[in-house]
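# Fold and contact review
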Amino acid sequence: MNALEEIVKFNVDRGLTQFRDEAEYAMLTEEMSELESALYLGDEHEIVDALCEIIVLATWAIYKLGYDPGEALEQTVLEITSRKGQFNQVTGKWEKDQNQDSSTLYKANYSKMM
C-alpha cells in the first residue's frame, strides 16, 4: 500500500469521509501558518513536517470529494508537464510560456474517479 492509500485508509477507518469546506480550509490554513513559521526560523525538519501535513490534508480532502487522490495527482502531473516555459532566476519560479499553442496543453481530467 502506498502513502496516498494509507492516508485514505486512515480516513475511512475513522469515518472521516465527509468534506466540510470550513474544516478543510481551517486545517490547511493552520498547516500553512506552521510552514510560514518554520520557514522564518529556517527549521528544515518543521518545514518538511508542515509540507507533508499539507499533502496529507489535501489527499484527505480530494478523497472526501469523491476522487481517487492518486489518479487526480497523476492528472495534475500530466497537465503541469505539458506546459512549456522557463525558470525565472529573479522570482525563483517556473513561468509558463504565455504563447504556447493551447492544442499542445494537456487538460487534467478530474471526473469522479471512484
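Structure: above.
Attention in this report is confined to the structure presented alongside it. Because the structure is a prediction, the values reported are computed rather than measured.

### What to know about the nonpolar core
Of all hydrophobic cores here, the largest spans five residues; its members are Leu35, Ala38, Ile47, Ala50 and Ile54. At the level of elements, α2 (21-41) and α3 (44-64) are the ones that each hand at least two residues to this core. For this core, the element with the highest residue contribution is α3, accounting for three residues. The residues contacting isoleucine 54, other than those within four sequence positions of it, are Leu28, Glu31, Met32 and Leu35.

### Looking at helix α4 (residues 69-81)
For α4, built from 13 residues, the straight-helix expectation of 18 Å at 1.5 Å per residue is met to within 8% by its first-to-last C-alpha distance of 18 Å. Those residues of α4 that fall on the buried side of the exposure criterion are Pro69, Ala72, Gln75 and Glu79. Along the axis of α4, the buried residues cluster in a sector spanning 125°; they form a single face. Seen from the buried face of α4, the exposed residues on the opposite side, beyond 90 degrees, are Glu74 and Thr81. Check the buried side of α4 and you find it contacts α1 (3-13) and α3.

### Considering the layout of surface pockets
Of the pockets and cavities examined, the largest pocket occupies roughly 180 Å³. What lines the largest pocket is simply Leu4, Ile55, Ala58, Thr59, Ile62, Leu65, Tyr67, Pro69, Ala72, Leu73, Thr76 and Tyr110. At the level of elements, α3 and α4 are the ones that each hand at least two residues to the lining of the largest pocket. In terms of residue class, the lining of the largest pocket is built from ten nonpolar, two polar and no charged.

### With respect to α2
Its 21 residues place the ends of α2 30 Å apart at the C-alpha level, agreeing with the 30 Å of an ideal helix rising 1.5 Å per residue. By the burial criterion, the buried members of α2 are Glu24, Glu31, Leu35 and Ala38. Within α2, the buried residues cover an arc of 65° as seen down the axis, which keeps them to one side. In α2, the exposed positions that point more than 90 degrees away from the buried face belong to Asp21, Glu22, Tyr25, Glu36, Tyr40 and Leu41. Looking at the packing, one finds that the buried side of α2 touches α3. In the segment just after α2, glycine 42 is the residue with positive phi, at about 70°.

Parameters and conventions
Residues numbered from 1 in each chain as written. Predicted model: local features only at pLDDT ≥ 70, side-chain atom pairs only at ≥ 80, totals over all residues. Heavy atoms only, no water. Core = buried A, V, L, I, M, F, W, Y, C linked by side-chain atoms within 4.5 Å. Buried < 20%, exposed > 50% of the residue type's maximum accessible area, 1.4 Å probe, protein only. Helix = DSSP H or I, 4+ residues; strand = E, 2+ residues; numbered from the N terminus. Contact = heavy atoms within 4.5 Å. Expected span 1.5 Å × (residues − 1). Arc of directions from axis to C-beta. 1 Å grid on protein atoms, 1.4 Å probe; cavity = no way out; pocket = protein on both sides within 12 Å on 5 of 7 lines; lining within 4 Å. Points joined across faces, edges and corners; volume = space filled by probe spheres on them. Nonpolar A, V, L, I, M, F, W, Y, C, P; charged D, E, K, R; others polar.

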